[in-house]
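# Architecture and fold: a report
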Amino acid sequence: MVRILPGIIAMATVVVASNVLVQFLFGNWLTWGAFTYPIAFLVTDVMNRVYGPGPARKVVFAGFVVGVLCSLVGSQIMLEGDGYSYAAVPLRVAVASGVAFLTAQLLDVGIFNLLRQRQWWLPPLASTLVGSAVDTALFFSIAFAASVTLFGADADAAINWAWEELPFLGVGAVVPLWVSLAFADWLVKLSLALLALVPFRLLVTKLSPDAA
């Protein structure tokens, strides 16, 4: 456990930072969390390459536990709006975050392990691309889709701002706001998946030259 402690700390830091930054918009179609959360895939892939899938899964589960705890704390923090109060972390966002994170990260570990004997860049790139697509689909649909009615009227009311009908990314057909947010988030994850290959190579070389 000691050897993967830096990975656990890094994952916990990413999860906490992303849970906070996802509350703040960057422009019209992104949140600041879109730029920090993809680092979780980098952490998972480095742990997988250096220590193997078992330790990588332990790092993922540690991040999941931290995320659940953050959501529990956030759900108890009430913020004040114009004459009303609301939870810092709405129920649907909390559930979506946990489900998407655990599913996508474990999928990332599995795909990486299947490809680990291929060229060094293929396992992290393929696993991150697939994992991030699944993460985006699960998170935004569970958190914001009006067709998901499992959580009740109060939970839906907390996120119904995402149902506002607007042109897709400001220029396309009229769709709910959350669809534009999801697509923009996915594009950022694709871009960062490519950029992350550089720090992935450097970190793996530093931590385990033989693995590189």
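Everything below is about the structure printed above this text.
## Looking at the nonpolar core
With 24 residues, the main nonpolar core has Met11, Val46, Met47, Val59, Phe101 and Phe200 as its most contacted residues. The element that contributes the greatest number of residues to this core is helix H3 (residues 39-51), accounting for seven residues. Residues within four places of Val59 in sequence aside, it is in contact with Ile4, Gly7, Ile8, Met11, Val43 and Met47. Within the second largest apolar cluster, 18 residues are counted, among which are Val89, Ala96, Ile159 and Trp178.

## Brief notes about the packing of helix H1 (residues 5-21) against H3
Relative orientation of the contacting elements H1 and H3 amounts to 165 degrees, with a least axis distance of 9 Å. Looking at the two axes, H1 sits roughly antiparallel to H3. Handedness of the H1/H3 crossing: left-handed. Between H1 and H3, the contacting residues are Gly7, Ala10, Met11 and Val14 on the first element and Ile39, Ala40, Val43, Thr44 and Met47 on the second. Residues belonging to the contact of H1 with H3 are distributed by class as follows: seven nonpolar, two polar and no charged.

## Let's talk about unusual backbone geometry
Unusually for a residue other than glycine, Leu169 sits at a positive phi of about 55 degrees. Counting through the fold element by element, Leu169 comes out in the loop between strand S5 (165-167) and strand S6 (174-176). Residue Leu169 is classed as partly exposed on the basis of its relative accessible area of 26%.

## A closer look at a nonpolar patch on the surface
A surface patch of nonpolar side chains, about 530 Å² in accessible area, is lined by Val16, Val20, Phe24, Phe26, Trp32 and Phe35. Inspection of the secondary structure puts Phe26 in strand S1 (residues 25-26). Residue class for Phe26 comes out partly exposed when judged on its relative accessible area of 37%.

## Overview of the layout of surface pockets
The computed volume of the second largest pocket comes to approximately 210 Å³. Residue lining of the second largest pocket: Arg3, Pro6, Gly7, Ala10, Leu42, Val43, Val46, Met47, Tyr51, Leu203 and Leu207, and that is the complete set. Secondary-structure elements contributing two or more residues to the lining of the second largest pocket are H1, H3 and helix H9 (197-207). Looking at the lining of the second largest pocket residue by residue, the classes come out as nine nonpolar, one polar and one charged.

## Examining the environment of Thr44
By secondary structure assignment, the location of Thr44 is in helix H3. Residue Thr44 is classed as buried on the basis of its relative accessible area of 0%. Residues Thr44 and Pro55 lie eleven residues apart in sequence; the distance between their C-alpha atoms is 9.3 Å. Once you skip the residues sitting within four places of it in the chain, Thr44 turns out to touch Met11, Ala56, Val60, Gln105, Asp108 and Val109.

## Some points on the packing of H3 against helix H4 (residues 53-76)
The N-to-C vectors of H3 and H4 enclose an angle of 150 degrees; their axes lie 7 Å apart at closest approach. By the angle between their axes, H3 is roughly antiparallel relative to H4. The two elements H3 and H4 meet at a crossing, and its hand is right-handed. For the pair H3 and H4, the contacting residues are Val43, Thr44, Met47, Asn48 and Tyr51 in the first and Pro53, Pro55, Ala56, Val59 and Val60 in the second. Split into classes, the residues belonging to the contact of H3 with H4 amount to eight nonpolar, two polar and no charged.

## Topic: the pattern of salt bridges
Going through the model one piece at a time under the given rule, you end up with three salt bridges. Residue Lys189 pairs with Asp135 through a salt bridge whose shortest N-O separation is 2.6 Å. Here Lys189, found in helix H8 (residues 177-195), pairs with Asp135, found in helix H6 (residues 122-144); they are 54 residues apart in sequence, far enough to count as distant. Of the residues examined, Lys189 reaches a relative accessible area of 4% and is grouped as buried. Among the residues examined, Asp135 registers a relative accessible area of 4% and is labelled buried. Taken together, the shared-partner salt bridges connect Asp135, Asp185 and Lys189 into one network.

Cut-offs applied
Residue indices follow the written sequence of each chain, beginning from 1 at its first position. Residue-level local features of this predicted model are given only where pLDDT is at least 70; pairs of side-chain atoms are given and counted only at 80 or more, and the full residue set underlies all totals for whole chains, interfaces and linings. The side-chain quantities take in all heavy atoms of the structure and omit both hydrogens and water. Each nonpolar core is a collection of buried residues, namely Ala, Val, Leu, Ile, Met, Phe, Trp, Tyr and Cys, held together in the definition by side-chain atoms within 4.5 Å. For every residue, the accessible area (1.4 Å probe, protein chains only) is compared with the maximum for its type, and the residue is labelled buried under 20%, exposed over 50%, or partly exposed between those bounds. Each helix is a run of DSSP H or I of at least 4 residues and each strand a run of E of at least 2, with the numbering of both proceeding from the N terminus. A contact between two residues is defined here by any heavy atoms of the two lying within 4.5 Å. Every axis in this analysis is a line fitted to C-alpha atoms, fitted for helices over the stretch in contact. Angles between the N-to-C directions lie between 0 and 180 degrees. Geometric relationships in this document are graded by angle, where less than 35 degrees denotes roughly parallel, more than 145 denotes roughly antiparallel, 65 to 115 denotes roughly perpendicular, and other angles denote oblique. With the far helix as reference, a near helix turned anticlockwise by less than a right angle produces a left-handed crossing, and one turned clockwise produces a right-handed crossing. Put simply, Ala, Val, Leu, Ile, Met, Phe, Trp, Tyr, Cys and Pro go in the nonpolar bin, Asp, Glu, Lys and Arg in the charged bin, and everything else, Gly too, in the polar bin. Residues with no salt bridge and a relative accessible area higher than 30% make up the patches, which join like charges within 9 Å and nonpolar side chains (Val, Leu, Ile, Met, Phe, Trp, Tyr) within 5 Å. For the area figures, the Shrake-Rupley method with a 1.4 Å probe applies, and any residue is considered shielded solely by the protein chains shown. A carboxyl oxygen of Asp or Glu within 4 Å of a side-chain nitrogen of Lys or Arg is what we treat as a salt bridge. Of the grid points, spaced at 1 Å and generated over the protein atoms alone, those admitting a 1.4 Å probe that cannot get out make up cavities, while open sets with protein on both sides within 12 Å along at least five of seven lines make up pockets; any residue with an atom within 4 Å of a point is treated as lining. Grid points are joined across faces, edges and corners, and a volume is the space filled by probe spheres set on the points.

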